[in-house]
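Descriptive structure summary
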Amino acid sequence: MTMGDDTPVVTSLVLPILIRPILSQLERRDVVASQTLRAALTKAEQTHPGLTFDLVMGIIKKGDINVNMNESILRLQGAATDSDLIEYRLNRTEDAFQELNKKSSALKRILSRIPDEITDRKTFLETIKEIASAIKKLLDAVNEVVGFIPGSSGKQAVEQRKKEFVKFSKKFSTTLKEYFKEGEANAVFVSALYLIHQTNQIMITVKNKCE
């Protein structure tokens with residue numbers, strides 16, 4: 001079993017990106033069972049963060065399966081639906097909030113392509129340009145939303161999240177430079193997952209301060 005880095009960021013993404021899409025498929029066959037499991041796992045994860053990750057890793061270990069969870073979760077991000085990622089979606093109808101929804105989804109969707117494109121240098125370089133553009137558009141969208149947030153403490157909270165996002169964006173850029181020198185793909189997967197996590201944190205903070 002190959003895990004790569006046991007990062008907290010991966011544990012936080014297992015429930016929305018891996019488990020919920022499976023439950024959505026189950027819902028077509030048994031709505032009650034799917035909803036019961038969804039509610040139970042969500043509550044369990046809130047009470048014991050990382051529980052669903054431990055469950056999945058226990059199954060993988062039992063089956064003696066070789067899998068890089070960083071790569072797998074990153075790839076699966078692209079297939080996750082809005083309903084799977086409901087806590088990272090804003091409900092406000094104003095254009096600024098809907099635009100932030102679009103830009104956050106767009107960035108995560110591009111990042112999810114990395115595992116499939118990283119071995120093709122020409123394609124990957126184009127993807128890197130797309131990521132850089134998506135990061136800028138996301139930050140612009142965050143700036144537009146800040147004006148709607150009531151109170152200075154709420155604005156400061158979002159600004160702090162934005163600073164953290166910028167920090168991890170710079171780390172991602174550094175990791176890419178190292179990849180082209182050393183060829184360590186897993187480090188890129190981990191860095192991309194951190195960017196997804198930071199994007200989610202922005203969305204959660206805006207949601208908490210505005211809804």
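One can find the structure itself at the top, above this paragraph.
First, a word on what this report is: a plain description of the structure on this page. (Residues numbered from 1 in each chain as written. Predicted model: local features only at pLDDT ≥ 70, side-chain atom pairs only at ≥ 80, totals over all residues. Heavy atoms only, no water.)

Regarding the nonpolar core
Our working definition: Side-chain atoms within 4.5 Å link the members of a nonpolar core, which is a set of buried Ala, Val, Leu, Ile, Met, Phe, Trp, Tyr and Cys residues. The buried label applies to any residue whose accessible area, calculated with a 1.4 Å probe on protein chains only, is under 20% of its type's maximum; exposed applies above 50%, and partly exposed to all values in between. Here a strand is any run of E in DSSP of at least two residues, a helix any run of H or I of at least four, and the numbering for each starts at the N terminus. In what follows, a contact means two residues having at least one pair of non-hydrogen atoms within 4.5 Å.
By size, the foremost hydrophobic cluster in this structure holds 58 residues, and its most contacted members are M69, I73, L100, L111, I114, F172 and V206. Those elements that place two or more of their residues in this core are α1 (8-27), α3 (51-62), α4 (69-77), α5 (95-111), α7 (121-146), α8 (152-182) and α9 (185-210). Top element by residues in this core is α7. It accounts for eleven residues. With residues up to four places along the chain from it excluded, the contact list for L111 reads L74, I131, F172, A192, L195 and I196.

Regarding the pattern of salt bridges
The test is simple: What counts as a salt bridge is simple: a side-chain nitrogen of Lys or Arg found within 4 Å of a carboxyl oxygen of Asp or Glu.
One pass over the full model with this rule turns up twelve salt bridges. Here D82 and R89 are joined by a salt bridge, their closest N and O atoms 3.7 Å apart. Accessibility expressed as a relative area gives 44% for D82, which makes it partly exposed. R89 sits in the buried class, given a relative accessible area of 18%. We note a salt bridge from K136 to D140, for which the minimum N-O separation is 3.1 Å. In this pair, K136 and D140 both sit in helix α7, four residues apart, roughly one turn of the helix.

A word on the packing of α8 against α9
The criterion, for reference: Working convention: axes come from line fits to C-alpha atoms, limited for helices to the stretch in contact. Angles between N-to-C directions cover 0 to 180 degrees. Convention used here: angles under 35 degrees read as roughly parallel, angles over 145 as roughly antiparallel, angles from 65 to 115 as roughly perpendicular, and any remaining angle as oblique. Amino acids are sorted into nonpolar (Ala, Val, Leu, Ile, Met, Phe, Trp, Tyr, Cys and Pro), charged (Asp, Glu, Lys and Arg) and polar (every other residue, Gly among them).
Closest axis-to-axis distance for the α8/α9 pair is 9 Å, and the angle between their directions is 170 degrees. Looking at the two axes, α8 sits roughly antiparallel to α9. Residues of the contact of α8 with α9, tallied by class, amount to 15 nonpolar, eight polar and five charged.

Some remarks on the packing of aromatic side chains
Put simply, the rule reads: What counts as a ring pair is set by centres within 6.5 Å for rings of Phe, Tyr and Trp (its six-membered ring), and what kind of pair is set by the plane angle: stacked under 30 degrees, edge-to-face over 60, tilted for all other angles. We call a charge positioned over a ring when the NZ of a Lys or the CZ of an Arg lies within 6 Å of the ring centre and within 35 degrees of the ring normal.
Considering all chains together, one arrives at five aromatic pairs under this definition. Ring centres of F124 and Y179 lie 6.0 Å apart, and the angle between their planes is 90 degrees; on these two criteria the pair is classed as edge-to-face. Here Y179 lies in helix α8 and F124 lies in helix α7, a separation of 55 residues in the sequence. Exposure class is identical for F124 and Y179. Each is buried. For F124, a relative accessible area of 0% corresponds to the buried category. Among the aromatic side chains, those forming a connected cluster through ring pairs are F124, Y179 and F180. Across from the ring centre of F168, 4.9 Å away, lies the NZ or CZ of K171, which sits over that ring.

Details of the side chain of S191
In this structure, S191 sits in helix α9. Accessibility expressed as a relative area gives 9% for S191, which makes it buried. Setting aside its immediate chain neighbours within four residues, S191 contacts K171, F172 and T175.

Thoughts on α4
Our working definition: The arc in question is formed by the directions pointing from the helix axis toward the C-beta atoms.
Three or more residues of α4 are buried, namely M69, N70, I73, L74 and Q77. Considered in projection along α4, the buried side chains sweep an arc of 130 degrees and stay on one side of the axis.

Things to note about the packing of α7 against α8
At a closest axis distance of 11 Å, the pairing of α7 and α8 adopts a crossing angle of 170 degrees. When the interaxial angle is binned, α7 and α8 end up roughly antiparallel. Contact with α7, carried on its side by R121, F124, L125, I128, I131, I135, L138, L139, V142, N143 and V146, involves K155, V158, E159, K162, F165, V166, S169, F172, L176, Y179 and F180 of α8 and no other residues of that element. Along the lines of polarity and charge, the residues of the contact of α7 with α8 split into 16 nonpolar, two polar and four charged.

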